[in-house]
Amino acid sequence: MLQETMVEIFKALSDPNRLHLMELLMDGDRTNSELMSEVGLSQNLLSHHLNVLTEAGLVTVQQSIGDARRRYYSPSLAMLGACCLWWKQRSPCAQTLPTLRNPQRVLFLCAKNGARSLIAEALAHHMAPGSLVASSAGLAPSDGISPLVLQVLGEHLVPAHMLRIHTYQTLLNQPFDYVVTVCDKVHEHLTPELFNQSRIIHWSLHDESEEGRAESEQLEIIHELYHDIEQRLLVFVQRLAQAEQA
């Protein structure tokens, strides 16, 4: 849908009275007088709200075939369906992800192949196995996979057996469609020539491994990372699917 159309729709639905009118019309078509008795608005104010909804394409009006003096207001289901599709393509709330015709190779890159990149790799394998061919790496070696990362992944029944610690140098001979930097420092200092065939995007995620953090605080941050990355992956795959259809 055109951006201008969605702007008008959001404006139209930004008033509680108009939201109420839409809810009533979703239950069944109504005349002006029926709506007026249900919402308690004056004739002038009701007409104003109905005009806004009609101009936004959310409501249609037709003359009664029984009594030509009556007009029925109906929800525009075609417009509402288009709105739902527009939102679904951009929303992180979808329960199932589309499968891409052309799976995308994605590298999740952080400083030491820690919680952020490992969780992203594991979730990509788990959530979009037919759409994302995921790897993760760090700019420098790490001490291994944190038990807290394995704990959080286990709590959500996300397999972690495929996870391995890598530095980016070991993966330079592999082509990637996308390099997702999940560490601000990496993103700000990354030399684009290292991955000149890849599209680089950035997710600014918290670092649980900063010095001085207690284990309980690290665990809380890793839980937050899990949910943040999950939502980002949902949107990422949906947008890739949308681009395929364009």
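First things first, this report covers the structure right here in the doc. (Residues numbered from 1 in each chain as written. Predicted model: local features only at pLDDT ≥ 70, side-chain atom pairs only at ≥ 80, totals over all residues. Heavy atoms only, no water.)

## Regarding the overall build of the chain
Turning to step 1, where the next piece is worked out: Within the chain, the regular secondary structure consists of nine helices and seven strands.
Turning to step 2, where the next piece is worked out: In terms of C-alpha radius of gyration, the chain reaches 25 Å, well past the compact-globule figure of 18 Å for 246 residues.
Turning to step 3, where the next piece is worked out: Across its three principal axes, the chain shows a C-alpha extent of roughly 80 × 40 × 30 Å.
Turning to step 4, where the next piece is worked out: Each of the 246 residues in the chain was classed as buried or not, and the buried ones make up 40%.
Turning to step 5, where the next piece is worked out: In the chain, 68% of the contacts between residues at least 6 apart in sequence involve partners at least 24 apart.
Turning to step 6, where the next piece is worked out: Of the roughly 13,800 Å² of accessible surface on the chain, 52% is carried by carbon and sulfur atoms.
Turning to step 7, where the next piece is worked out: For the chain, the distance from the average position of its 18 positive side-chain charges to the average position of its 28 negative side-chain charges is 8 Å. (Helix = DSSP H or I, 4+ residues; strand = E, 2+ residues; numbered from the N terminus. Rg over C-alpha atoms; globule rule 2.2 N^0.38 Å. Buried < 20%, exposed > 50% of the residue type's maximum accessible area, 1.4 Å probe, protein only. Contact = heavy atoms within 4.5 Å. Areas by Shrake-Rupley, 256 points an atom, 1.4 Å probe, with all protein chains shown as cover. Lys, Arg positive; Asp, Glu negative; His and termini not counted. Charge placed at Lys NZ, Arg CZ, Asp CG, Glu CD.)

## Describing the pattern of salt bridges
One side chain can pair with another of opposite charge once the charged atoms of both are near each other.
Turning to step 1, where the next piece is worked out: Summed over all chains, the structure comprises six salt bridges.
Turning to step 2, where the next piece is worked out: Salt-bridge contacts for Glu38 lead to Arg30; the nearest nitrogen and oxygen are separated by 2.5 Å.
Turning to step 3, where the next piece is worked out: A residue is classified by how much of its surface remains accessible, and Glu38, at 37% relative accessible area, is partly exposed.
Turning to step 4, where the next piece is worked out: On the basis of relative accessibility, which here comes to 14%, the residue Arg30 falls in the buried class.
Turning to step 5, where the next piece is worked out: The salt bridge involving Glu217 is made with Arg213; its shortest N-O contact spans 2.9 Å.
Turning to step 6, where the next piece is worked out: By relative accessible area, Glu217 is classed as partly exposed at 34%.
Turning to step 7, where the next piece is worked out: Residue classification places Arg213 among the partly exposed residues on the basis of a relative accessible area of 22%. (Salt bridge = Lys/Arg side-chain N within 4 Å of Asp/Glu carboxyl O.)

## Topic: helix α4 (residues 43-55)
Turning to step 1, where the next piece is worked out: Taking 1.5 Å as the rise per residue, α4 with 13 residues should run 18 Å; its terminal C-alpha atoms sit 18 Å apart, in good agreement.
Turning to step 2, where the next piece is worked out: Tucked into the core, α4 has its buried residues touching α1 (3-12), α2 (16-27), α3 (32-39), β2 (59-63) and β3 (71-75).
Turning to step 3, where the next piece is worked out: Looking one or two residues beyond α4, the residue adopting positive phi is Gly57, at roughly 85 degrees. (Expected span 1.5 Å × (residues − 1).)

## Considering the environment of Val180
Turning to step 1, where the next piece is worked out: Inspection of the secondary structure assignment puts Val180 in strand β6 (residues 178-181).
Turning to step 2, where the next piece is worked out: Val180 sits in the buried class, given a relative accessible area of 0%.
Turning to step 3, where the next piece is worked out: Between the C-alpha atom of Val180 and that of Ser198, which follows or precedes it by 18 residues, the distance is 9.7 Å.
Turning to step 4, where the next piece is worked out: Sequence-distant contacts of Val180, that is, excluding residues within four places in its chain, are made with Val106, Leu107, Phe108, Leu109, Ile201 and Trp203.

## Considerations on the pairing of β3
Turning to step 1, where the next piece is worked out: Note that strand β1 (residues 30-31) and β3 share two bridges and pair antiparallel. In the sheet register, Thr31 faces β3, and the bridge partner there is Tyr72.
Turning to step 2, where the next piece is worked out: Pairing of β2 with β3 involves five bridges; the strand directions are antiparallel. Opposite Gln62, over in β3, you have Tyr72 as the bridge partner. (Pairing = 2+ DSSP bridges.)

## Looking at the packing of aromatic side chains
Turning to step 1, where the next piece is worked out: Here the structure, examined in full by the defined rule, presents four aromatic pairs.
Turning to step 2, where the next piece is worked out: Measuring from centroid to centroid gives 6.2 Å for Trp203 and Phe236, while their planes differ by 85 degrees, and the two rings are edge-to-face. Of the two residues, Trp203 is situated in the loop between β7 (199-202) and α9 (215-245) and Phe236 in helix α9; the sequence distance between them amounts to 33 residues.
Turning to step 3, where the next piece is worked out: You can call Phe236 buried: its relative accessible area is 10%.
Turning to step 4, where the next piece is worked out: Here the aromatic cluster, defined as three or more aromatic residues joined through ring pairs, consists of Phe108, Tyr178, Trp203 and Phe236. (Phe/Tyr/Trp six-rings, centres within 6.5 Å; stacked < 30°, edge-to-face > 60°.)

Remember that the coordinates give geometry; whether it matters functionally is a separate question.
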